[in-house]
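Overview (structure and organization)
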Amino acid sequence: MMSRFINVPQALRETLLAGLIAVVVFGPIVGVVLKGYAFQLAPARVALLVAVVMAGRLLLSLFLQTERGRALLRRFEGADDGVYVREPGYRSRLRWILPLLLAAALLFPFLSSKYLLTVAILGLIYVLLGLGLNIVVGLAGLLDLGYVAFYAIGAYGLALGYQYLGLGFWSMLPLAALLAAFAGALLGFPVLRMHGDYLAIVTLGFGEIIRLVLTNWLSFTG
């Protein structure tokens, strides 16, 4: 009776697609373990994660084709688009999701290995860089080609503050952010009225200046 409502080939196609995406995502991160300048492949871990993803996707695809699954999908489909007013007393589902995400973020450093923690930290750093670049280039519409220079100023400021001033990570973290913001203010005032190619050339030059200073001033930056 239920087989008439479940499209098994479609579920298999979605499962294979999910497995392919899992290979692309987890392959470079989990399948390659760095050891200094060498690396070691770990295909067993990748295969385990891909199998878990494919099994979960298969069960989800089959469930969404049942009556309860279709009813669940209809709950996420809006009757209309645009801005609308919620009824009085409406409470968002995020009140459950956000505390769970916060708890998972707090427990992750204690439950994960050093390798996974390093990958997660680098990923979050690049997420922050992407969010900041989206503000400058996406929302403000300014072609900033020296955006990474402020990242370098903050990173080197934190490391050099620890080396020369003896300040810890949490003490230097806000100071490094203020140092990068101060460099942004110094660059922002002269180029306040520049747009397009002119702004791109100035910011590109600023990025190259920072890179050359940090690379060539070995006695200070190491």
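Refer to the preceding data block for the structure.
Okay, so let's go over this structure.

This part is about the packing of helix α1 (residues 8-30) against helix α2 (residues 43-64). Viewed as axis vectors pointing N to C, α1 and α2 meet at an angle of 150°, and their least axial separation amounts to 8 Å. Judged by the inter-axis angle, α1 sits roughly antiparallel to α2. In this structure, α1 crosses over α2, and the sense of that crossing is right-handed. For the pair α1 and α2, the contacting residues are Ala11, Leu12, Glu14, Thr15, Leu16, Ala18, Gly19, Ala22, Val23, Phe26, Gly27 and Val30 in the first and Arg45, Val46, Leu49, Val50, Val53, Met54, Arg57, Leu58, Ser61 and Leu62 in the second.

Topologically, aspartate 144 is positioned in the loop between α5 (114-139) and α6 (147-165). This buried residue, aspartate 144, is left without a salt bridge; arginine 211 holds the nearest opposite charge, at 14 Å. Among all residues touching aspartate 144, those that are not within four sequence positions of it are Leu133, Val136, Val137, Phe150 and Thr203.

Looking now at α5. For α5, which comprises 26 residues, the first-to-last C-alpha distance of 36 Å matches the rise-based estimate of 38 Å (1.5 Å per residue) to within 8%. Roughly 30° is the biggest bend found in α5, and it falls at leucine 133. A positive backbone phi angle near 75° is found at glycine 141, which sits one or two residues after α5.

Taken together, the side chains of Leu17, Leu20, Ile21, Val24, Val25 and Ile29 present a nonpolar region at the surface, about 540 Å² in accessible area. Following the sequence through the fold, isoleucine 29 ends up in helix α1. On the basis of relative accessibility, which here comes to 34%, the residue isoleucine 29 falls in the partly exposed class.

The next point concerns the layout of surface pockets. Over the atoms, a rolled probe matching the size of one water molecule traces out where space is still vacant. In this model, the largest pocket occupies a volume close to 1200 Å³. Only α4 (94-111), α5, α6, α7 (169-188) and α8 (196-216) provide two or more residues apiece to the lining of the largest pocket. In terms of residue class, the lining of the largest pocket is made up of 30 nonpolar, 4 polar and 1 charged.

The next point concerns the pairing of strand β2 (residues 38-41). If a strand is regular, its side chains alternate between the two faces of the sheet. Across 4 bridges, strand β1 (residues 32-35) lies against β2 in antiparallel orientation. Bridge pairing in β2 links leucine 34 to phenylalanine 39. Between β1 and β2, which pair antiparallel one after the other, the connecting turn spans 2 residues, and glycine 36 there sits at a positive phi close to 70°.

Conventions adopted
Position labels on residues start from 1 in each chain and follow its written sequence. Only residues with pLDDT of at least 70 get local features here, since the model is predicted, and only at 80 or more are side-chain atom pairs given and counted; chain-wide, interface and lining totals rely on the full set of residues. By convention in this description, side-chain values take in all heavy atoms of the structure and omit both hydrogens and water. Helix axes use the C-alpha atoms of the stretch in contact, all axes being lines fitted to C-alpha atoms, and the angles between their N-to-C directions lie in the range 0 to 180 degrees. Secondary structure elements are taken from DSSP: a helix is a run of H or I of four residues or more, a strand is a run of E of two residues or more, and numbering for both begins at the N terminus. Roughly parallel here means an angle under 35 degrees, roughly antiparallel means over 145, roughly perpendicular means 65 to 115, and every remaining angle is called oblique. Each crossing gets its handedness from the near helix: less than a right angle anticlockwise from the far helix is left-handed, clockwise is right-handed. Contacts are assigned to residue pairs that have any heavy atoms within 4.5 Å of one another. For every residue, the accessible area (1.4 Å probe, protein chains only) is compared with the maximum for its type, and the residue is labelled buried under 20%, exposed over 50%, or partly exposed between those bounds. Asp and Glu are treated as the negative residues and Lys and Arg as the positive ones, with His and the ends of the chain left uncounted. Salt bridges are counted wherever a side-chain nitrogen of Lys or Arg sits within 4 Å of a carboxyl oxygen of Asp or Glu. In this analysis, the expected span of each helix is defined as 1.5 Å times one less than the number of residues it contains. The bend at a residue is defined as the angle formed between two axes, one fitted to the seven residues ending at that residue and one fitted to the seven starting there. The residues that make up patches have over 30% relative accessible area and no salt bridge, and they are joined within 9 Å when like-charged or within 5 Å when they are Val, Leu, Ile, Met, Phe, Trp or Tyr. Working definition of accessibility: Shrake-Rupley area with a 1.4 Å probe, residue cover restricted to the visible protein chains. Think of a 1 Å grid over the protein atoms and nothing else: a 1.4 Å probe that fits but is trapped marks a cavity, an open set flanked by protein within 12 Å on at least five of seven lines marks a pocket, and residues with an atom within 4 Å of a point count as lining. Grid points are joined across faces, edges and corners, and a volume is the space filled by probe spheres set on the points. All amino acids are sorted into three groups, where Ala, Val, Leu, Ile, Met, Phe, Trp, Tyr, Cys and Pro are nonpolar, Asp, Glu, Lys and Arg are charged, and the leftover types, Gly among them, are polar. Between any two strands, at least two bridges found by DSSP are needed for them to pair.

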